[in-house]
Amino acid sequence: IMVRAGLILYELLASAFARFRSPGRPRFLSPAEMAIQEPAFKRDGLRLAGLYFDTATDDARLVLETLKEARDFSGGRSVALNYVRAERLLRTNGQVAGVELEDRLSGKKFMVQTRCVVNATGVWTSETLARAGVEAQQLRPTKGVHLVVSAQRLGNGQAFALRSIDDGRFIFVLRRGPVSILGTTDTDFQGSLDDPRCEPEDRDYLLRTVNHFFPEARLIEADILSTYAGLRPLLAEAGSPSDVSREHVVLDSGDGLVTVTGGKLTTFRIMAWDAL
């Protein structure tokens, strides 16, 4: 009942008010149908499988398209710079008057005059605010790790949403051509913000659940083609990492510095509107 109700509600929210609708409605597969479609998946105890459509995002392309639109809608007046760090805010009579930037490739420093600076530096928000001489917003960065393995080795034909056998969190198995991506984790992070990595406990956490649901795969460390990790700029709250809100917050210090932090990729447009 929960699976059926959940997928019907998901389809309603995804398509009822959307310009672009899902290409098909959710279907529900019996164990026999599931065995035909996904023979590598665990059969013991299986009662029902829900088949639904979801979206995939090329995040690098999304960033480039956003930058191109910023340039085009401003009539070419906006400029996007990469490998540039904000060193300090410039103030006149306590109000923001500009920002000093450093080209990290050449070491050259230069000034930009402005009456407003938007700080949207993600997990580096507190560090940026500290350099600006403003009380830091307390963040709780959490780490998300993905593993990449051979899809043929794992045996999945499509993407899966699975419950972790350790803590009940959702883990996704995403088919991407010849490989499958396994993830993600969600753990508190205390190390260098510039260097999150997949640790053995992250690897084992993901492999335990995936091997449970794909028992013939028996994936081990040697089957991992690559790993990657990132950090979520979550607001500091009590509770487990997965329970921390993914909402964003906009902070206006009143002197021309506006900070937007928290949030996630799927809400980046409303975050931008709120900051403006």
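Residues numbered from 1 in each chain as written. Predicted model: local features only at pLDDT ≥ 70, side-chain atom pairs only at ≥ 80, totals over all residues. Heavy atoms only, no water.

1. Topic: the sheet that holds strand S14 (residues 257–262)
Going by this rule: The rule for pairing is simple: two strands pair if DSSP sees at least two bridges between them. Think of it this way: any DSSP run of H or I at least four residues long counts as a helix, any run of E at least two long counts as a strand, and we number them from the N terminus. Note on definitions: angles span 0 to 180 degrees between N-to-C directions of axes, and those axes are lines fitted to C-alpha atoms, for helices only across the stretch in contact. Contacts are assigned to residue pairs with any non-hydrogen atoms lying within 4.5 Å of each other.
The three strands lie next to each other as S6-S14-S13, forming an open sheet whose pairing is mixed. Whereas interior strands pair on both sides, the edge strands pair on one side only; in this sheet they are strand S6 (117–119) and strand S13 (248–252). Taken pair by pair, the neighbouring strands of this sheet meet at an average axis angle of 15°, ignoring direction. Across five bridges, the pairing between S13 and S14 is antiparallel. Bridge pairing in S14 links Val-250 to Val-260. Those strands touched by helix H7 (residues 268–275) are S13 and S14, and its axis lies near 20° from that of S13.

2. Overview of the environment of Gly-168
Using the following cut-off: Only protein chains enter the accessibility calculation, which uses a 1.4 Å probe; a residue is then buried when its area is under 20% of its type maximum, exposed when over 50%, and partly exposed in between.
The residue Gly-168 is located in the loop between strand S8 (160–163) and strand S9 (170–176) in this model. Gly-168 sits in the partly exposed class, given a relative accessible area of 27%. Measuring from C-alpha to C-alpha, the distance between Gly-168 and Glu-102 comes to 45 Å, with 66 residues separating the pair along the chain.

3. Concerning the pattern of salt bridges
Keep this limit in mind: Salt bridges are defined by distance alone: a side-chain nitrogen of Lys or Arg within 4 Å of a carboxyl oxygen of Asp or Glu.
Applying the stated criterion across every chain yields a total of 19 salt bridges. The shortest N-O distance in the salt bridge between Arg-85 and Glu-87 comes to 2.8 Å. A residue is classified by how much of its surface remains accessible, and Arg-85, at 31% relative accessible area, is partly exposed. Here Glu-87 falls in the buried class, since its relative accessible area comes to 17%. Notably, a salt bridge pairs Arg-131 with Glu-127, separated by 3.1 Å at the nearest N-O pair. Note that Arg-131 and Glu-127 are positioned in helix H4 (residues 125–131) at a spacing of four residues, about one turn of the helix. Looking at Arg-131, the relative accessible area reads 29%, which means it is partly exposed. Salt bridges sharing partners connect three or more residues here, namely Arg-85, Glu-87, Glu-102 and Arg-104.

4. So, the environment of Pro-200
Structurally, Pro-200 is set in helix H6 (residues 200–213). Taking the C-alpha atoms as reference points, Pro-200 and Glu-221, separated by 21 residues in sequence, lie 9.1 Å from one another.

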